[in-house]
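# Chain and residue survey
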Amino acid sequence: MSNGLCVLVPVTEVATVEDEFEIEGTAIADQYLGADLNEWDDYAVEEAVQLQEAGLADEVVTVTIGPEDCEQTIRQALAKGADRAIRVWDDALEGVDLLDVGAKTELLKAVVEAEEPDLVLSGVQSGDDSFGATGVSLASAVDFQWGAVVNGLEHDLEDGVASVRRELEGGVEELTDIDLPAVLTIQTGINEPRYASLRGIRQAQRKDLDVQTLADLGVDASAVEGDLELSEMYEPETESDVTVWEGGADDTAGQLAELLREKGVAQ
Amino acid sequence: MTDVLAVADHRRGELRDVSYELVTAGRELADVTGGNLHLAIISGPVDDFAEKANREGVDAIHTVSHGEEFNHDVYTQAITQLYDAIAPQYVLAPNSVNGLDYAPAVADELDLPIVTDAVGLEADGQTLIANREMYGGKVETTVEVDAESALVTIRSAEWPTAEGTGDAEIEAFDVEIDEDAIGSSVTGFEEVGGGDVDISEADVLVSIGRGIEEEENLDIIRELADALDATLSSSRPIVDNGWLPKNRQVGQSGKVVTPDVYIAIGISGAVQHVAGMKGSDTIVAINTDPNAPIMDIADYAIHDDLFDVVPALTEQFQ
Ligand SMILES: Cc1cc2nc3c(=O)[nH]c(=O)nc-3n(C[C@H](O)[C@H](O)[C@H](O)COP(=O)(O)OP(=O)(O)OC[C@H]3O[C@@H](n4cnc5c(N)ncnc54)[C@H](O)[C@@H]3O)c2cc1C
């Protein structure tokens, strides 16, 4: 085998919310929730698979912290080309309603130590709780280099250096060279994520999906307790004084047209 | 352990506004904890920045003159050493792209809990309570941090900027930067999103988001823009998909626009989008979801399907 890289991709299943929903306690009521592969992770998986197709990576492994329910989402990543998956779960995680950055870092650190990847490609953030911190925290914990909000990665990785683009605010991109091993947090738009092919979906069913408990990873239960507690959830107060036009599309379009004419649009 | 340490944000020679907002947020916290507010200024023209950032409410400014541009290893090392020297209760950093490139590493190094993207903060001396959004702004939460010390990144434009001239002592902080531990280097910057149109010059923008579903459907939006003699712009996913060029993207990582009229069609109003268009004179939202966050800043709204409303609107102008 060549001495290509091993790429680890943390993949999260995010909760999606319907337009109309209700809050029960500190969560959105179950019946209004759906589940999906985190948008940012979809790009990270694609980038890893492209590195493999370019002959730069030997193996792409995903790691997910989550209960059995999320295996369908994990299979989605496998269907797009990841080679095998690790799912971390434990009874001790069952009751934790907000797994904080420190706890996720502890779990992923154990996986990184076992897998010894050269490159970890995580998403910039998960679309539901949007902490945006786990990738960089993990890098620090395992003594890897890192880059946050990466929207370009040169596919040569020569001399153990990753040349990346970091997307800053206001249309400015920073060009940075980062020593490997490294964690890069991947921004949407870095590539065009593929749809899984039928063949990919079939193959995914046969790929390894290894479940690891805290004991398997050698992580103590106290490490995942965390210091953060989600104590309230509510609909944001709005100071909005929006005028909502009612009626059929012709009526509402007519009212908007009137407003636009008042403002001198298209005249 | 009652002090607060805030870290200023700057880029390419400019102190960013969130630095002054950090002073306000930091002062509020320090008033509760009964401690001093320290401001760290790391890299770049630090003396010039220190003078600018010396606003009312700051008790001490610590400068670390090391390199011109941001480097996360320098930041991480400087902040951890400042933390050891000052022993603050809370550390505040900006939730900017660079903030997110060092704050989680600092929290890991110092073994502090981290809360990112806070839009509100309260403390009672014991517990820190942060407000933050979830699900793209559809709900807000309170997160209680039950620890002696914590690191928080704050969202920009949520706190007012600190004003007035302060009388903080400015002092060069003596750090030891381990150059061997620096594993990344900036080789340059590039401005993206140039080209044929400048959406920030437009008086009327017809802006389309993920609600359009398919690339082919963009035709009805183009027709509307033509009929209104308006310029076409979009939210990020449309550009990510390659359906429109980067110079059409409105938002944090795209362009900031301030047209007379901004028509947001099938755009939810995520904070990074709103950052680019909230200064528009009149904002109209067309969205099937009455709870979409865009409604909070819209002046007029139609809660209906864009595939019905847009053609009907185009017809009005033909
Ligand atoms: C570091 C960073 C930087 C970012 N920078 C930017 C940026 O510069 N600009 C930007 O826009 N985003 C940016 N984002 C992404 C941002 O967080 C959101 O993901 C994005 O703005 C969502 O775009 P959207 O509103 O088009 O899509 P969605 O959030 O998916 O919203 C689609 C909307 O369309 C509505 N809809 C669906 N169907 C219909 C229909 N038939 N009729 C009417 N309405 C319909 C839905 O109700 C929904 O509200 C950034 C994110 C990060 C992490």
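Residues numbered from 1 in each chain as written. Chains lettered and ligands numbered in written order. Predicted model: local features only at pLDDT ≥ 70, side-chain atom pairs only at ≥ 80, totals over all residues. Heavy atoms only, no water.

### Structural notes on the pairing of strand β11 (residues 150-154) of chain B
Residues and elements named next belong to chain B. Within β11, 5 of the 5 residues are buried, leaving the element largely enclosed by the surrounding structure. Burial along β11 is two-sided: Ala-150, Val-152 and Ile-154 facing one way and Leu-151 and Thr-153 facing the other are all buried. The pairing of strand β6 (residues 90-94) with β11 spans 5 bridges and is classified as parallel. The partner of Pro-94 across the bridge, within β11, is Ile-154. Of the strand pairs in this sheet, strand β7 (residues 114-118) and β11 are connected by 3 bridges, and their pairing is parallel. Pairing of Val-115 across the sheet is with Val-152, part of β11. (Buried < 20%, exposed > 50% of the residue type's maximum accessible area, 1.4 Å probe, protein only. Helix = DSSP H or I, 4+ residues; strand = E, 2+ residues; numbered from the N terminus. Pairing = 2+ DSSP bridges.)

### Here we look at the interface of chain B and chain A
Interface size is often expressed as the accessible area that is lost when the parts come together. Contact residues are listed per partner, giving 84 residues for chain B and 80 residues for chain A. Around 7,000 Å² of area is buried between chain B and chain A when both sides are counted, 54% of it from carbon and sulfur atoms. It is Val-97, Tyr-135 and Lys-138 of chain B in chain B that bury the most area against chain A; as a group they hold 9% of the surface buried on that side. With a shortest N-O distance of 2.8 Å, Arg-236 of chain B and Glu-167 of chain A are connected by a salt bridge. Joining chain B to chain A, the criterion identifies 43 residue pairs in polar contact (both at pLDDT 80 or more). With 8 residues, the single largest contributor to the side of chain B that touches chain A is strand β13 (residues 184-191) of chain B. Within the side of chain B that touches chain A, the residues separate by chemical class into 35 nonpolar, 24 polar and 25 charged. Of the strand pairs in this sheet, strand β15 (residues 243-245) of chain A and strand β18 (residues 300-302) of chain B are connected by 3 bridges, and their pairing is parallel. (Contact = heavy atoms within 4.5 Å. Buried area = accessible area lost by both parts, 1.4 Å probe. Salt bridge = Lys/Arg side-chain N within 4 Å of Asp/Glu carboxyl O. Polar contact = N/O pair within 3.5 Å; in protein donor to acceptor, adjacent residues only side chain to side chain. Nonpolar A, V, L, I, M, F, W, Y, C, P; charged D, E, K, R; others polar.)

### Some remarks on the sheet that holds strand β14 (residues 204-208) of chain B
On the basis of which strands lie adjacent, the open sheet formed by 6 strands has the order β15(A)-β18(B)-β17(B)-β16(B)-β14(B)-β15(B) and parallel pairing. Strand pairing shows two members of the sheet lacking a second neighbour, β15 of chain A together with β15 (231-234) of chain B, which therefore form its edges. Shown here is a sheet whose adjacent strand axes are inclined to one another by a mean of 20°, direction ignored. Where β14 of chain B and β15 of chain B come together, 4 bridges link them in parallel fashion. Bridge pairing links Ile-208 of chain B to Ser-234 of chain B in β15 of chain B. (Axes fitted to C-alpha atoms, helices over the stretch in contact; angles between N-to-C directions.)

### Some points on the domain arrangement of chain B
Residue and element names in this part refer to chain B. Per the domain assignment, the segments making up chain B are domain 1 (4-181) and domain 2 (199-316). Relative placement of domain 1 and domain 2: their C-alpha centres are 34 Å apart. Counting residues at the interface gives 6 residues for domain 1 and 5 residues for domain 2. Summing the contributions of domain 1 and of domain 2, the shared interface buries around 410 Å²; its carbon and sulfur component is 56%. In terms of surface lost to domain 2, no three residues of domain 1 exceed Gly-136, Lys-138 and Arg-155, which account for 66% of the buried area on that side. Between the two partners, domain 1 and domain 2, sit 1 salt bridge. (Domains from an automatic or database assignment.)

### Observations concerning empty space enclosed by the protein
Here the structure, examined in full by the defined rule, presents 1 cavity of 30 Å³ or more. Estimates place the volume of the largest cavity at around 60 Å³. Forming the walls of the largest cavity are Arg-166, Glu-174 and Thr-176 of chain A together with Phe-70, Asn-71, His-72, Asp-101, Ser-184, Ser-185 and Val-186 of chain B. Sorting the residues of the lining of the largest cavity by element identifies β11 (172-179) of chain A together with β13 of chain B as the ones contributing at least two each. Ranked by the residues each element gives to the lining of the largest cavity, the list is headed by β13 of chain B, at 3 residues. (1 Å grid on protein atoms, 1.4 Å probe; cavity = no way out; pocket = protein on both sides within 12 Å on 5 of 7 lines; lining within 4 Å. Points joined across faces, edges and corners; volume = space filled by probe spheres on them.)

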